[in-house]
Amino acid sequence: MESLFDVGIIGGGPAGLNAALMLGRARKTVVVIDEERPRNRVTHESHGFLTRDGITPSEFRRIAREQVVAYPSVRFVADRAITIVGLDGNFQITTAQGITFRVKKLLFATGMKDAPLGIEGLTDVYGKSAFVCPYCDGWELRDQPLVLIASGAKAFHMAKTLPGWSRHYTICTNGPDGWTDEQRNELQQHNVPVFDHPILRIDSQEGQVQQVVLHDGTAIPCTGIFFAPKLVPGSDLPGAIGCQITETGVVIVDSFGKTNISGVYSAGDSASELYQLIAAASAGSMAAMAINGELLTEAWNNGI
């Protein structure tokens, strides 16, 4: 069994990395356990992060880790956490490789992961010409013919958002639209084409979408797609140790990432639906400061 670390961080994305940076600078001993399969690995470029706009996800992580390891109290472990037992001050994390780490505090930065996409051809274009966030990738598809694959409130929201980048878009709900009559009328008034037939396949060449084909034979030419992904938690461990979870699988935290379990925090996509690189990094920083403050207060109260 390993010696006692101040903090165990599960997940090495932007939230976990920024938390490790802050805690390393605060002279805390930290172990970062990361299986190195980030959700954004399918994306060629990341956007919206000041000084890093257009960087590849792999390069972002490389630079971040290079900066974090400059602080000798931080250790990285390429592994997957599978069980956690214990209480605040002495949690035991066991990994898939059978290693156990003892930590005083826990930070879940496990993010979310994509459920199977379920549309033939979508995997071939995901991250190349099909994306989930216009703020991240809309600029590259500006003024191009697009297809929005979504239904319900998400589709209606996106229908009002996409014109900021392109007014040439069609909605494919891939089944019942899930809208009210008022919403349907509003879309008609704005001349937004809508198809509710199930999608048969997406045709593409070398990752670039050419058309979306519906089961009724309709073919919708396009050069880009935005779609609403189905996300599931990146780890079941927060729920397994008693953290409160929303219906969508998000860990419930306060403004500094603290959960309902003493000594346990969460940050990034695992604790927010604001799926932005810069937002996740910021949340990791805030959680790290809260954790460090908690450790310092405990040391103070114990006369250390």
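What comes next concerns the included structure. Predicted model only: the values in this text are computed from it and were never measured.

Cut-off values and rules
- Residues numbered from 1 in each chain as written.
- Predicted model: local features only at pLDDT ≥ 70, side-chain atom pairs only at ≥ 80, totals over all residues.
- Heavy atoms only, no water.
- Phe/Tyr/Trp six-rings, centres within 6.5 Å; stacked < 30°, edge-to-face > 60°.
- Helix = DSSP H or I, 4+ residues; strand = E, 2+ residues; numbered from the N terminus.
- Buried < 20%, exposed > 50% of the residue type's maximum accessible area, 1.4 Å probe, protein only.
- Lys NZ or Arg CZ within 6 Å of the ring centre and 35° of its normal.
- Axes fitted to C-alpha atoms, helices over the stretch in contact; angles between N-to-C directions.
- Parallel < 35°, antiparallel > 145°, perpendicular 65-115°, else oblique.
- Left-handed = near helix turned anticlockwise from the far one by under 90°.
- Contact = heavy atoms within 4.5 Å.
- Nonpolar A, V, L, I, M, F, W, Y, C, P; charged D, E, K, R; others polar.
- Polar contact = N/O pair within 3.5 Å; in protein donor to acceptor, adjacent residues only side chain to side chain.

1. With respect to the packing of aromatic side chains
At step 1: On inspection of all chains with the given rule, the structure shows five aromatic pairs.
At step 2: Both rings, one in Tyr126 and one in Phe227, keep their centres 5.2 Å apart while their planes meet at 75 degrees; by these two values the pair is edge-to-face. Of this pair, Tyr126 sits in the loop between α3 (122-125) and β8 (130-131) while Phe227 sits in strand β15 (residues 224-227), and the two are 101 residues apart along the sequence. Comparing Tyr126 with Phe227 shows no difference in burial state: the two are buried.
At step 3: Ring centres of Tyr135 and Trp165 lie 5.1 Å apart, and the angle between their planes is 85 degrees; on these two criteria the pair is classed as edge-to-face. A residue pair is termed long-range when its members are at least 10 positions apart, and Tyr135 in helix α4 (residues 134-137) and Trp165 in the loop between α5 (152-161) and β10 (169-172) qualify at 30 residues.
At step 4: The class for Tyr135 is exposed, based on a relative accessible area of 60%.
At step 5: The cationic tip of Arg142 hangs over the ring face of Trp139; the distance from NZ or CZ to the ring centre is 3.9 Å.

2. Side note on the packing of helix α1 (residues 14-25) against helix α2 (residues 57-68)
At step 1: For the pair α1 and α2, the least separation of the axes is 9 Å and the interaxial angle reads 20 degrees. In terms of their interaxial angle, α1 and α2 are classed as roughly parallel. Taken as a pair, α1 and α2 cross one another with a handedness that is left-handed. Packed against α1, whose contacting residues are Pro14, Leu17, Ala20 and Leu21, the element α2 presents Phe60, Arg61, Ala64, Arg65 and Val68 at the interface.
At step 2: Residues belonging to the contact of α1 with α2 are distributed by class as follows: seven nonpolar, no polar and two charged.

3. Some thoughts on the side chain of Thr100
At step 1: When you line up the elements, Thr100 lands in strand β6 (residues 100-108).
At step 2: In this structure Thr100 comes out as buried when scored by relative accessible area, which is 18%.
At step 3: One polar contact links Thr100 to Thr94, side chain to side chain, over a distance of 3.2 Å.

4. Side note on unusual backbone geometry
At step 1: Despite not being glycine, Thr51 has its phi angle at roughly 80 degrees, a positive value.
At step 2: You can see Thr51 is positioned in the loop between β2 (30-34) and α2.
At step 3: Look at Asn191: it is not a glycine, yet its phi comes out positive at around 55 degrees.
At step 4: Assignment of secondary structure puts Asn191 in the loop between α6 (181-189) and β11 (194-195).
At step 5: With a relative accessible area of 66%, Asn191 lands in the exposed category.

5. Some details on the side chain of Asn292
At step 1: If you trace the backbone, Asn292 turns up in helix α8 (residues 277-301).
At step 2: Once residues lying within four places of it in the same chain are set aside, the contact partners of Asn292 are Leu23, Ala26 and Lys28.

The quantities given are spatial measurements derived from coordinates; they are silent on function.
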